[in-house]
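Descriptive structure summary
This is what each chain is made of:
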Amino acid sequence: MELLKQRILKDGRISGTDILKVDMFLNHQIDIDLLNEMGKEFYRLFQSWDITKILTVEASGIAIACIAAQYFKVPVLFAKKCESRNLDSDVYQSKVYSFTKEKDYLIRVSKKYLLPSDRILIIDDFLANGRAALGLIDICEQAGAVPCGVGIAIEKGYQRGRKLIEEKGVKVEALAVIDSMDEHTGINFS
């Protein structure tokens, strides 16, 4: 998606060779007009899959998932990273490693909101090593739901995430795929 690529080039900040900061427009301060165009694009890519719910992990994927959901006309369900007294005790859960936080999380989804009849589109802001998406696929499989696809805003194509997800038989679509990046040479897209 050219609009997203141009925004990354304009306002993204690189730290080393593995961190791309897009907090100015995607995952801290949010450009709703940009997210609206991204939501339309996810709908174009996955509209024929009869999606019944969009699933993401708190927190950065929620805004993107909500904007996309208005085009699919389906609810958004997000996996929680923290235990909470207001979360049902009857949950599906999976352990995922957070690349940015450098720690493991148990992500949880209430069993009453994820059903065997659901056809799920997983949406997230970044795809690197694929741990969050694989955890969400695991939760779908525990529920008997069908993980139809994974929609990603920005993929680090030089890492293994896509390969691991596709090995599970799940389609991956990324709006911007980065082939390489570093502070000196910048960002190279596919």
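Residues numbered from 1 in each chain as written. Predicted model: local features only at pLDDT ≥ 70, side-chain atom pairs only at ≥ 80, totals over all residues. Heavy atoms only, no water.

Attention shifts here to the packing of aromatic side chains. By the definition in use, this model includes one aromatic pair. Ring geometry for Tyr43 versus Phe72: centroids 5.0 Å apart, planes at 80 degrees, classification edge-to-face. In this pair, Tyr43 sits in helix H2 (residues 32–46) while Phe72 sits in helix H3 (residues 60–72), placing the two residues 29 residues apart along the sequence. On the accessibility criterion, Tyr43 (30% relative accessible area) is partly exposed. The exposure class assigned to Phe72 is buried, which follows from its relative accessible area of 11%. The ring of Tyr105 is capped by Lys81, whose NZ or CZ atom sits 4.9 Å from the centre of that ring. (Phe/Tyr/Trp six-rings, centres within 6.5 Å; stacked < 30°, edge-to-face > 60°. Helix = DSSP H or I, 4+ residues; strand = E, 2+ residues; numbered from the N terminus. Buried < 20%, exposed > 50% of the residue type's maximum accessible area, 1.4 Å probe, protein only. Lys NZ or Arg CZ within 6 Å of the ring centre and 35° of its normal.)

For the rest of this paragraph, the subject is the environment of Gln70. Position of Gln70 relative to the elements: it lies in helix H3. C-alpha separation for the pair Gln70 and Val22, spaced 48 residues apart in sequence, amounts to 23 Å.

Take helix H4 (residues 131–143) next. In a regular helix each residue adds 1.5 Å, so 13 residues correspond to 18 Å; H4 covers 19 Å between its end C-alpha atoms and thus fits that length. By the burial criterion, the buried members of H4 are Ala133, Leu134, Gly135, Leu136, Ile137, Ile139, Cys140 and Ala143. Gly144 sits one or two residues past H4 and shows a positive phi near 80 degrees. (Expected span 1.5 Å × (residues − 1).)

In this section: the pairing of strand E5 (residues 91–98). Pairing between E5 and strand E6 (residues 103–110): eight bridges, direction antiparallel. Opposite Tyr92, over in E6, you have Val109 as the bridge partner. Following E5, the chain reverses through four residues before pairing antiparallel with E6; Glu102 in that reversal takes a positive phi of roughly 55 degrees. (Pairing = 2+ DSSP bridges.)

Turning next to the sheet that holds strand E8 (residues 146–156). The sheet built from six strands is open, its strands ordered E4-E3-E7-E8-E9-E10 with mixed pairing. What marks the edges here is a single partner per strand, and that holds for strand E4 (76–79) and strand E10 (186–189). If you compare each strand with its neighbour and ignore which way they point, the axes differ by 25 degrees on average. Note: E8 against strand E9 (residues 171–182), seven bridges, orientation parallel. Directly across from Gly149, in E9, lies its bridge partner Lys171. Strands strand E7 (119–127), E8 and E9 of the sheet are contacted by H2, whose axis makes an angle of about 125 degrees with E9. (Axes fitted to C-alpha atoms, helices over the stretch in contact; angles between N-to-C directions. Contact = heavy atoms within 4.5 Å.)

This part covers the packing of H2 against H3. Helix-helix packing: each pair is described by the crossing angle between the helix axes and the interaxial distance. Close contact between H2 and H3 brings their axes to 8 Å; oriented N to C, the two are set at 55 degrees. Viewed along their axes, H2 and H3 adopt a mutual orientation that is oblique. As for how H2 packs across H3, the hand of that crossing is right-handed. Residues Ile32, Leu35, Asn36, Met38, Gly39, Lys40, Phe42, Tyr43 and Phe46 of H2 touch H3, and the partners they reach there are Ala63, Ile64, Ile67, Ala68, Gln70, Tyr71 and Phe72. (Parallel < 35°, antiparallel > 145°, perpendicular 65-115°, else oblique. Left-handed = near helix turned anticlockwise from the far one by under 90°.)

A few words on the pattern of salt bridges. In this structure the tally under the stated criterion is 13 salt bridges. Here Glu167 and Lys163 are joined by a salt bridge, their closest N and O atoms 2.5 Å apart. Taken as a pair, Glu167 and Lys163 lie in helix H5 (residues 161–167) at a separation of four residues, close to a single helical turn. Given a relative accessible area of 52%, Glu167 falls into the exposed group. Beyond isolated ion pairs, a larger network of salt bridges with shared partners links Arg7, Lys10, Asp11 and Asp31. (Salt bridge = Lys/Arg side-chain N within 4 Å of Asp/Glu carboxyl O.)

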